[in-house]
Amino acid sequence: MTSLLRDLPSVEQLLQTPRLADLMTRYGRPLTLDALRLSLDETRDAARAGLSSLPSRDQLTARAESILAEWTRPTLQPVINATGVILHTNLGRAPLSRAAAEALTSAALGYSNLEFDLPSGKRGSRTVHAEAILQKLTGAESALVVNNNASAVLLILSALAKGKHVVISRTQLVEIGGSFRVPDVMKQSGAKLAEVGATNKVHLRDYKEALSDGAAMVLRAHRSNFKIVGFTEEPELAKIANLAHEFSVPFVDDLGSGALLDTVKYGLGHEPTVQESLAAGADLVCFSGDKLLGGPQAGIIVGRKDLLDRIKKHPLARAVRADKLCLAALTATLLHYLQDEAPREIPVWRMMSMSPRTAKVRAEAWREKLGQGEVVASESTVGGGSLPDESMPTFVLSLSVKHPDKFLKTLRSQNPPIIARTENDKILFDPRTVLEEQDPSLLSTLYSLLSGVP
Ligand SMILES: *Cc1c(COP(=O)(O)O)cnc(C)c1O
């Protein structure tokens, strides 16, 4: 063993090769040296464990190269979403529109008037950037963008209801994926939960009782990810809002997804819109930027100016503020709505409006190129805490493989990784959520996997 190791080249010897010079230009000297040392250490360990012959210099260098590739690969990488779940929370929810991505890039690459008032040359406020468009789109008096909707809810409660009772129906004590629970957020904000009604039913008189006992706010949380059916009842939003106003307390609506367009036009169920909540009398409405809005991660609050002015002054507002990249991408996304081009320009709406026929044509083109599989009818879903239980008819490419779970794993290890789903041991690829520019990459990967070509 020791005699074997005597022939192991030193780091200095390995450094003389042109291939290493190349690695050093690419990865920098310190990291390349670290990788080389690790490659040599591994060989020493293997020799002690009984390795019979040493790897060649080329092999040692190749190992260092793959270590370097591993160390520098970003952990956050693009994937191909072939699941048919449009707002896949684990896959980053909404892909941005081209315009939103460009706005983000130009804000990222240079300086901007983020907090600078150009006419006066004085300090400005970042809250102005998306506010005007949000007012125009929703008719609200004022608006604020924060980090995400969870922080929007936390901020509203902290600023307006700390130490006070907030009425919420037991039908709405929801948990949204990733440990956002309405009762927990309330607790965190210092507000006190005044739950009313039963799990399936709540009446206006339940709200009235709690308000008579001195509650300071009424909160509605949208049941984003589940439905209650059967013996159920809930007063209309406008009636709850009116009642809150009779008691001079604000009515706050946590909409979750916050659609600005009517999902019914896309053959789906009705997802409440921001405009409807405001029209029903909600004093504040909050929603996510990266669900049905189709923009970057953000929490958006729209509504009464006096309330928003108090919210903007709360110390937590600073802690959860939106950054310039978010504001740039969000503004560009909102512009699509203002210019009446959202269904065409915003990827999530484009995906929702894809007809089954279009999906079929694409799935058939995939099958043709691969020379195998079947095109079968299936269902896509919106996901991301919107429209629970709703699906859209689609067509998918269905592949039969020997070991479905193993194949799914192999798909995930590709570059870019491909995320598909299985049904009855078949692997399904839904064209609805695969961006068109990803088609060549998807097909060439599948082709080589299926034909056994590495
Ligand atoms: C999704 C959702 C949230 C959390 O929103 P994030 O933007 O993910 O923080 C809060 N409330 C409701 C009702 C939701 O659906």
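Computed from a predicted model, the values in this text were never measured in an experiment.

So, about the site of the ligand. With respect to spatial proximity, the complete set of residues near the ligand consists of Arg-93, Asn-148, Asn-149, Ala-150, Ile-176, Phe-180, His-222, Ser-224, Asp-254, Gly-256, Ser-288 and Lys-291. The contact in question runs from an oxygen atom of the ligand to an N or O atom on the side chain of Asn-148, over 3.4 Å. At a separation of 3.0 Å, an oxygen atom of the ligand approaches a polar backbone atom of Asn-149. For the ligand, the accessible surface in isolation is 380 Å², of which the surrounding protein chains cover 94%. A per-class count over the shell around the ligand returns three nonpolar, six polar and three charged.

Here we take up the packing of aromatic side chains. A complete count under the given rule lists one aromatic pair for this structure. Lys-360 extends its terminal NZ or CZ atom over the ring of Phe-395, reaching a point 5.0 Å from the ring centre.

Spanning 16 residues, helix 5 (residues 57–72) covers 23 Å between terminal C-alpha atoms, matching the ideal 22 Å at 1.5 Å per step. Check the buried side of helix 5 and you find it contacts helix 2 (11–15), helix 3 (18–27) and helix 4 (29–48).

Where helix 19 (residues 404–412) contacts helix 20 (residues 439–451), the two axes come as close as 11 Å, and the packing angle between them is 135°. Judged on the interaxial angle alone, helix 20 and helix 19 are oblique. Judged by the twist between their axes, the crossing of helix 19 over helix 20 is right-handed. Across from Phe-407, Thr-410 and Leu-411 in helix 19, the residues of helix 20 making contact are Leu-446, Leu-449 and Leu-450. A per-class count over the contact of helix 19 with helix 20 returns five nonpolar, one polar and no charged.

The rules behind the values
- Residues numbered from 1 in each chain as written.
- Predicted model: local features only at pLDDT ≥ 70, side-chain atom pairs only at ≥ 80, totals over all residues.
- Heavy atoms only, no water.
- Near = heavy atom within 4 Å.
- Polar contact = N/O pair within 3.5 Å; in protein donor to acceptor, adjacent residues only side chain to side chain.
- Areas by Shrake-Rupley, 256 points an atom, 1.4 Å probe, with all protein chains shown as cover.
- Nonpolar A, V, L, I, M, F, W, Y, C, P; charged D, E, K, R; others polar.
- Phe/Tyr/Trp six-rings, centres within 6.5 Å; stacked < 30°, edge-to-face > 60°.
- Lys NZ or Arg CZ within 6 Å of the ring centre and 35° of its normal.
- Helix = DSSP H or I, 4+ residues; strand = E, 2+ residues; numbered from the N terminus.
- Expected span 1.5 Å × (residues − 1).
- Contact = heavy atoms within 4.5 Å.
- Axes fitted to C-alpha atoms, helices over the stretch in contact; angles between N-to-C directions.
- Parallel < 35°, antiparallel > 145°, perpendicular 65-115°, else oblique.
- Left-handed = near helix turned anticlockwise from the far one by under 90°.

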